[in-house]
Amino acid sequence: MKVSYRSKLDGIGVEQLSGNFFDGWPNPPSPATFLKVLEQSYAVELAVDDETGNVIGFIQAISDGVLSAYIPLLEVVPEFQGKGIGTTLTERMLNRLQSLYMIDLLCDAETQPFYEKQGMSKASGMMVRHYSNQDGAAEQ
């Protein structure tokens, strides 16, 4: 397996996003909505399987571009997990955002050790989740 990493969506369409992303989500976004999420991000990093051209991992950030950024999603399709792809994606994104004052991320307790290895610190936070809107299909 050979993986390429990209910082742009050039040449990526819904057909390259058909992997098993959002594993375990009861109401995942469609590939078209997934592409829109990536397109509207401040920054994205992609892992692409060179054999198939399919995206097998991604991380995204939203930001004001001045002081702060938030990393809402890091995903690697299950069959490619444990191969360092998530680590590389996180390193690439944190490097891109290093000029900002704060980079925040919320995650479950079981994934905190992964992010601590990337140099992030534990923090407390608050959140609201509207799971009925999880597929991203609701009109804003």
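Residues numbered from 1 in each chain as written. Predicted model: local features only at pLDDT ≥ 70, side-chain atom pairs only at ≥ 80, totals over all residues. Heavy atoms only, no water.

**Considering the side chain of Gln134**
Inspection of the secondary structure assignment puts Gln134 in the segment after α3 (112–117). Contact partners of Gln134, with chain neighbours within four places excluded, come to Trp25, Pro26, Asn27 and Pro29. (Helix = DSSP H or I, 4+ residues; strand = E, 2+ residues; numbered from the N terminus. Contact = heavy atoms within 4.5 Å.)

**Overview of the sheet that holds strand β3 (residues 55–63)**
Reading across from one edge, β1-β2-β3-β4-β5 is the order of the five strands in this open sheet, with mixed pairing throughout. Either end of the sheet is taken by a strand with one partner, and the two such strands are β1 (3–6) and β5 (102–104). Taking each pair of neighbouring strands and ignoring which way they run, the sheet shows an average axis angle of 15 degrees. Where β1 lies against strand β2 (residues 43–49), four bridges are found, and the strand directions are antiparallel. Note on β2: the bridge partner recorded for Arg6 is Leu46. Strands β1, β2, β3, β4 (68–76) and β5 of the sheet are contacted by helix α2 (residues 85–96), whose axis makes an angle of about 150 degrees with β2. (Pairing = 2+ DSSP bridges. Axes fitted to C-alpha atoms, helices over the stretch in contact; angles between N-to-C directions.)

**Considerations on the packing of aromatic side chains**
Applying the stated criterion across every chain yields a total of eight aromatic pairs. Here the aromatic rings of Phe22 and Phe58 are separated by 6.2 Å at their centres, their planes lie at 55 degrees, and the arrangement is tilted. Taken as a pair, Phe22 in the loop between β1 and α1 (31–39) and Phe58 in strand β3 lie far apart in primary sequence, 36 residues in all. Here Phe22 and Phe58 have matching classes, each one buried. Aromatic rings pair up to connect Phe21, Phe22, Trp25, Phe34 and Phe58 into one cluster. (Phe/Tyr/Trp six-rings, centres within 6.5 Å; stacked < 30°, edge-to-face > 60°. Buried < 20%, exposed > 50% of the residue type's maximum accessible area, 1.4 Å probe, protein only.)

**A look at the nonpolar core**
Ranked by internal contacts, the top residues of the largest apolar core, which has 34 residues, are Leu38, Leu46, Phe58, Ile71 and Ile85. For this core, the elements supplying multiple residues, two or more each, are α1, β2, β3, β4 and α2. If we ignore the near neighbours within four places in the chain, the residues touching Leu38 are Leu9, Leu17, Val44, Leu46 and Phe58. (Core = buried A, V, L, I, M, F, W, Y, C linked by side-chain atoms within 4.5 Å.)

Honestly, that's just the spatial picture; any functional story needs more than this.
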